[in-house]
Amino acid sequence: MNKLETEAKGMSTQNYSLFYGGFKALNRISIQIPSNRITAFIGPSGCGKSSFLRSFNRMNDLIPGVTTEGKVCIDGRNVADEDVVQLRKKVGMVFQRPNPFPKSVFENVAYGPKLHGVKNRSDLAVVVEKSLKRAALWNEVKDDLHKSGMSLSGGQQQRLCIARAIAVEPEVILMDEPASALDPVATLKIEELMNELKANYTIAIVTHNMQQAARVSDYTAFMLTDENRAGNLIEFGTTKQIFTTPSDTRTEDYITGRFG
Amino acid sequence: MTREIFNKELREVKDKLFQVTGDVRRNLKLSVRYLEKRDMTGAKMIVESDEIINLKVLEIEDLCLSIIATQQPVASDLRLLFSILQISTEIERIGDYAKGIARISLKIGSESLIRPLIDIPGMEQLAGQMLSDAITAFTEDNAVAAESISRRDARIDAMYNQVHRELLTFVMEKRSNINQTIMLDWVAHNLERVGDRVTNICERIIFTVTGNSVDLN
């Protein structure tokens, strides 16, 4: 694959800035996120990691007064020009706290495909099984797909949310601290799952847990606020490079815990 | 957030490395002096004290493992700990060379030396100084000095070749010299290896400071 094709396939931003009213939250961020890899965004609270992540599925559009400059592209197309329903089909998202719908396990996973026109019950059953298998939850729930999604454990609920996200066959999965509310065993399961999912999806994860970023990601981006409190991309590289020989002293100070 | 506990532990492990390097440096110097002076008691002391050096190196390893497990170091901190582990192994091996020289002293026993030790004390002086300077460069994060120190190894190698040739002539002069000649050649060879080990230490210093792995040998 040549460079242009790679760029056309992946996620990227060019001089992207985001404003909450008059406040600039992200400052001219340019990045090319590699496809079928896991990219972790790290940085102190308030540096704009989540805002940046939410730019890819235009979730920031829901906040009044938000404006942007520059471009956010997926597969070479500016997300601002996309139909938002189609965009969110392409870009799934998993949040910090598992948020299953108050419905059965089956209905949680079938919800997206139904919304996008899959009506036939047996087709839906196939999608539900495939998605739950990919989310490594199938074996734990297959005997009772009609129990409430809310009755599962926290880790299972989060995997249910991942199954729900992948049921609509997205290209990208955004994860905003997906394991911060989970115990270490459930966290490990999510991390292993991410590693399996990257064969089929491009994953971007925001995490405060640097060891988690080091464990799961292929690439790491470090963000930091400048003197005007706007989030900047300081350094982006392979996770190995960032965690062994970071180029920027600010990255070094942050990851070694000598920041501030 | 300045990681006081972590910094304290790093200082502690660096201090221990510095201390054990001092012990090894002293043993190396004394091993050649006792050989020269035919001091059996001193040579025995060196053999025995090597056990303490080994224990100190194990203590450093243990401390490094504990820091890695509890503090999860990354970037320059990780490189530093990784290097301390490797440098401590090099120091331990240099300690073994000193012990080896002391053992040769004991083997030669009361026999008088066939000739003065020619360049052997000079080799010890050069190698020992390289070791001291390398550890100073390590504590000062001085990669430039490390590179320059490693170049002195060529001089030690040349001295070893010289000693080796001279020892061969002793055998040619008198066949009964052969035993002691082989033993003295081992002494010189041990000192030549000290230079190589210090060169490895210099490589680790450059890695710690710059993140680049280099081959100086």
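Our subject is the structure that appears above.
Keep in mind the model is a prediction, meaning the values are calculated, not measured.

(A) How the structure looks around the overall build of chain B. Looking only at helices and strands, chain B features seven helices and zero strands. Beginning at the N terminus, the succession of helices and strands in chain B can be written as α-α-α-α-α-α-α. Compactness check: chain B gives a C-alpha radius of gyration of 19 Å against a globular reference of 17 Å for 217 residues, within 12% of the reference. For chain B, the C-alpha atoms occupy an extent of roughly 70 × 35 × 20 Å along the three principal directions. Within chain B, the proportion of its 217 residues that are buried is 42%. In chain B, of all internal contacts separated by at least 6 residues, the share reaching a separation of at least 24 is 82%.

(B) The arrangement of the overall build of chain A in detail. When helices and strands are counted, chain A shows 11 helices and 10 strands. In terms of overall dimensions, chain A is globule-like: its C-alpha atoms have a radius of gyration of 18 Å, near the 18 Å expected for 260 residues. The C-alpha extent of chain A, read off along each of the three principal axes, is 55 × 40 × 40 Å. Counting across all 260 residues of chain A, residues that qualify as buried make up 45%. A separation of at least 24 residues holds for 67% of the contacts in chain A among residues at least 6 apart in sequence.

(C) How the structure looks around the interface of chain A and chain B. Counting residues at the interface gives 13 residues for chain A and 11 residues for chain B. Mapped onto the side of chain A that touches chain B, the elements with two or more residues apiece are helix 9 (210-216), helix 10 (239-244) and helix 11 (249-255) of chain A.

(D) Spatial organisation of the packing of helix 6 (residues 153-173) of chain B against helix 7 (residues 178-210) of chain B. All names here are of chain B. Two elements in contact, helix 6 and helix 7, have axes separated by 9 Å at closest approach and are oriented at 175°. With respect to helix 7, the element helix 6 is oriented roughly antiparallel. Together, Asp-153, Ile-156, Asp-157, Tyr-160, Val-163, His-164, Leu-167, Phe-170 and Val-171 of helix 6 and Ile-178, Thr-181, Leu-184, Asp-185, Ala-188, His-189, Leu-191, Glu-192, Gly-195, Asp-196 and Thr-199 of helix 7 make up the contact between the two elements.

(E) Inspection of the environment of A:Cys73 at higher detail. Note that A:Cys73 resides in strand 4 (residues 66-74). Judged by C-beta crowding, with 21 C-beta atoms within 10 Å, A:Cys73 ranks as buried.

(F) Representation of unusual backbone geometry within the structure. Residues and elements named next belong to chain A. Non-glycine residue Asn-15 carries a positive phi angle of around 45°. Mapped onto the elements of the fold, Asn-15 is located in strand 1 (residues 11-20). At Arg-28, a residue that is not glycine, the phi angle is positive and equals roughly 45°. Position of Arg-28 relative to the elements: it lies in strand 2 (residues 23-33). Judged by the 15 C-beta atoms lying within 10 Å of it, Arg-28 is partly exposed.

(G) Quick look at the packing of helix 4 (residues 105-115) of chain A against helix 7 (residues 154-166) of chain A. Residues and elements named next belong to chain A. Close contact between helix 4 and helix 7 brings their axes to 7 Å; oriented N to C, the two are set at 30°. Regarding the angle of helix 4 to helix 7, the classification is roughly parallel. Seen from above, helix 4 lies across helix 7 with right-handed handedness. Contact with helix 4, carried on its side by Val-105, Asn-108, Val-109, Tyr-111 and Gly-112, involves Leu-160, Ala-163 and Arg-164 of helix 7 and no other residues of that element. Looking at side-chain class alone, the contact of helix 4 with helix 7 contains five nonpolar, two polar and one charged residues.

(H) Inspection of the nonpolar core at higher detail. Counting 73 residues, the largest nonpolar core has A:Phe41, A:Phe56, A:Ala163, A:Val172, A:Ile173, A:Leu174 and A:Ile203 as its most contacted members. Ranked by residue count, the leading element in this core is helix 7 of chain A, at six residues. Aside from chain neighbours lying at most four places away, what touches A:Phe41 is A:Lys49, A:Phe52, A:Leu53, A:Ala204, A:Val206, A:Ala221 and A:Met223. In terms of nonpolar packing, the next biggest core, distinct from the first, is built from 59 residues, B:Val20, B:Ile87, B:Leu126 and B:Met159 among them.

(I) Representation of the pairing of strand 3 (residues 38-42) of chain A within the structure. Residue and element names in this part refer to chain A. Strand 3 sits mainly inside the fold: five of its five residues count as buried. Of the strand pairs in this sheet, strand 3 and strand 8 (residues 202-206) are connected by four bridges, and their pairing is parallel. From the neighbouring strand, Phe-41 faces strand 8, where its bridge partner is Val-206. Across four bridges, strand 3 lies against strand 9 (residues 219-225) in parallel orientation. Along strand 9, the bridge assignment pairs Ala-40 with Thr-220.

(J) Up close: the environment of B:Ser105. Residues and elements named next belong to chain B. Position of Ser-105 relative to the elements: it lies in helix 3 (residues 75-108). Look at Ser-105 and you get buried, because 26 C-beta atoms sit within 10 Å. Measuring from C-alpha to C-alpha, the distance between Ser-105 and Met-40 comes to 7.1 Å, with 65 residues separating the pair along the chain. When sequence neighbours within four positions are dropped, the list of residues in contact with Ser-105 reads Tyr-34, Leu-35 and Ala-43.

(K) Representation of helix 4 of chain A within the structure. All buried positions along helix 4 of chain A are accounted for by A:Val105, A:Asn108, A:Val109, A:Ala110, A:Gly112 and A:Pro113. Directly after helix 4 of chain A, the chain includes A:Gly117, whose backbone phi takes a positive value near 105°.

(L) Molecular detail of the pairing of strand 7 (residues 172-176) of chain A. Residues and elements named next belong to chain A. With five of its five residues buried, strand 7 lies for the most part within the structure. As paired strands, strand 6 (residues 91-94) and strand 7 are joined by four bridges and run parallel to one another. Along strand 7, the bridge assignment pairs Val-94 with Met-175. Both strand 7 and strand 8 contribute to a ladder of five bridges, which runs parallel.

Calculation notes
- Residues numbered from 1 in each chain as written.
- Chains lettered and ligands numbered in written order.
- Predicted model: local features only at pLDDT ≥ 70, side-chain atom pairs only at ≥ 80, totals over all residues.
- Helix = DSSP H or I, 4+ residues; strand = E, 2+ residues; numbered from the N terminus.
- Rg over C-alpha atoms; globule rule 2.2 N^0.38 Å.
- Buried ≥ 20, exposed ≤ 12 C-beta atoms within 10 Å, placed from the backbone.
- Contact = placed C-beta atoms within 7 Å.
- Axes fitted to C-alpha atoms, helices over the stretch in contact; angles between N-to-C directions.
- Parallel < 35°, antiparallel > 145°, perpendicular 65-115°, else oblique.
- Left-handed = near helix turned anticlockwise from the far one by under 90°.
- Nonpolar A, V, L, I, M, F, W, Y, C, P; charged D, E, K, R; others polar.
- Core = buried A, V, L, I, M, F, W, Y, C linked by C-beta atoms within 7 Å.
- Pairing = 2+ DSSP bridges.

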